[in-house]
Amino acid sequence: MAGVQPPPLRSLDDFLLCSARFAVPDVRDLDRWNNRIINNLLYYQSNYLVSALGLLLLVGYFQPFQLLVGAMVVTLIFLGFVWVAENQAPVRRFRRNHPSISVFAILLASYLLISVLGDVAVFLFGIAFPIMMVLVHASVRLRSLKNKLENKLESIGLKRTPMGLLLEALGQEQEAGS
């Protein structure tokens, strides 16, 4: 974790308001859509973290225990998935070739485990909604020149960020910056 630098918080104007440009992605070109998502995740990661924490705090205010249970379940399943993917070659190849299905499988496994525990609503609104919000924004936000430059620095290894490490754990490091 040495050398990991949190990126700056992007301005609200750049993130959502006037200068932000949005467009529906071309769903027929999955590689380009995946590239847009990954690069936006890297560039706006601080904004996404603040937004998700705000939503989590709001849900946690109303349902603290259920949110904690949901967060622990998702964390444990994610860590288990990363551990299995690092130790099993077929799972590692699947993770690299099908990243969207891998993330969906983690969320589905979390959902099923939490439904057994009875905290489905808290999971859906407290954990899955912020993830959905981040993925929708990353999908429709068009990249700027500054975004592309920052992502290139990340991809050549000059900067290491928390989102870069997360994408690397999900097998997406080769996509970043392209």
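Residues numbered from 1 in each chain as written. Predicted model: local features only at pLDDT ≥ 70, side-chain atom pairs only at ≥ 80, totals over all residues. Heavy atoms only, no water.

Engineer: Any chance you could explain the pattern of salt bridges here in plain terms?
Structural biologist: Two side chains carrying opposite charge are able to pair once their charged atoms lie near each other. Following the criterion strictly, the structure yields 3 salt bridges and no others. Put simply, Arg28 and Asp26 hold a salt bridge, and the shortest N to O gap is 3.2 Å. On the basis of relative accessible area, Arg28 is assigned to the exposed category, the value being 77%. Residue classification places Asp26 among the partly exposed positions, given a relative accessible area of 39%. (Salt bridge = Lys/Arg side-chain N within 4 Å of Asp/Glu carboxyl O. Buried < 20%, exposed > 50% of the residue type's maximum accessible area, 1.4 Å probe, protein only.)

Engineer: Any chance you could explain the packing of aromatic side chains here in plain terms?
Structural biologist: Under the definition given, this model contains 5 aromatic pairs. Where Phe15 meets Tyr44, the ring centres are 5.5 Å apart and the plane angle is 55 degrees; that geometry is what we call tilted. Residue Phe15 is located in helix H1 (residues 12–15), and its partner Tyr44 is located in the loop between helix H2 (30–43) and helix H3 (45–62); the two are separated by 29 residues in the primary sequence. Each member of the pair Phe15 and Tyr44 is classed as buried. The structure contains a cluster of three or more aromatic residues connected by ring pairs, namely Phe15, Tyr43, Tyr44 and Tyr48. In this arrangement the basic side chain of Arg10 is found over the ring face of Tyr43, its NZ or CZ atom lying 3.8 Å from the centre. Taking the ring centre of Phe22 as reference, the NZ or CZ of Arg141 above it sits at 5.8 Å. (Phe/Tyr/Trp six-rings, centres within 6.5 Å; stacked < 30°, edge-to-face > 60°. Helix = DSSP H or I, 4+ residues; strand = E, 2+ residues; numbered from the N terminus. Lys NZ or Arg CZ within 6 Å of the ring centre and 35° of its normal.)

Engineer: Can you walk me through the packing of H2 against helix H9 (residues 162–169) in this structure?
Structural biologist: Packed helix pairs are specified by the crossing angle of their axes together with the interaxial distance, meaning the distance between the axes. Between H2 and H9, the shortest axis-to-axis distance is 8 Å and the interhelical angle comes to 145 degrees. Here the hand of the crossing between H2 and H9 comes out right-handed. Across the interface between the two elements, Ile38, Leu41 and Leu42 from H2 touch Met163, Gly164 and Leu167 from H9. Among the residues forming the contact of H2 with H9, the class breakdown is 5 nonpolar, 1 polar and no charged. (Axes fitted to C-alpha atoms, helices over the stretch in contact; angles between N-to-C directions. Left-handed = near helix turned anticlockwise from the far one by under 90°. Contact = heavy atoms within 4.5 Å. Nonpolar A, V, L, I, M, F, W, Y, C, P; charged D, E, K, R; others polar.)

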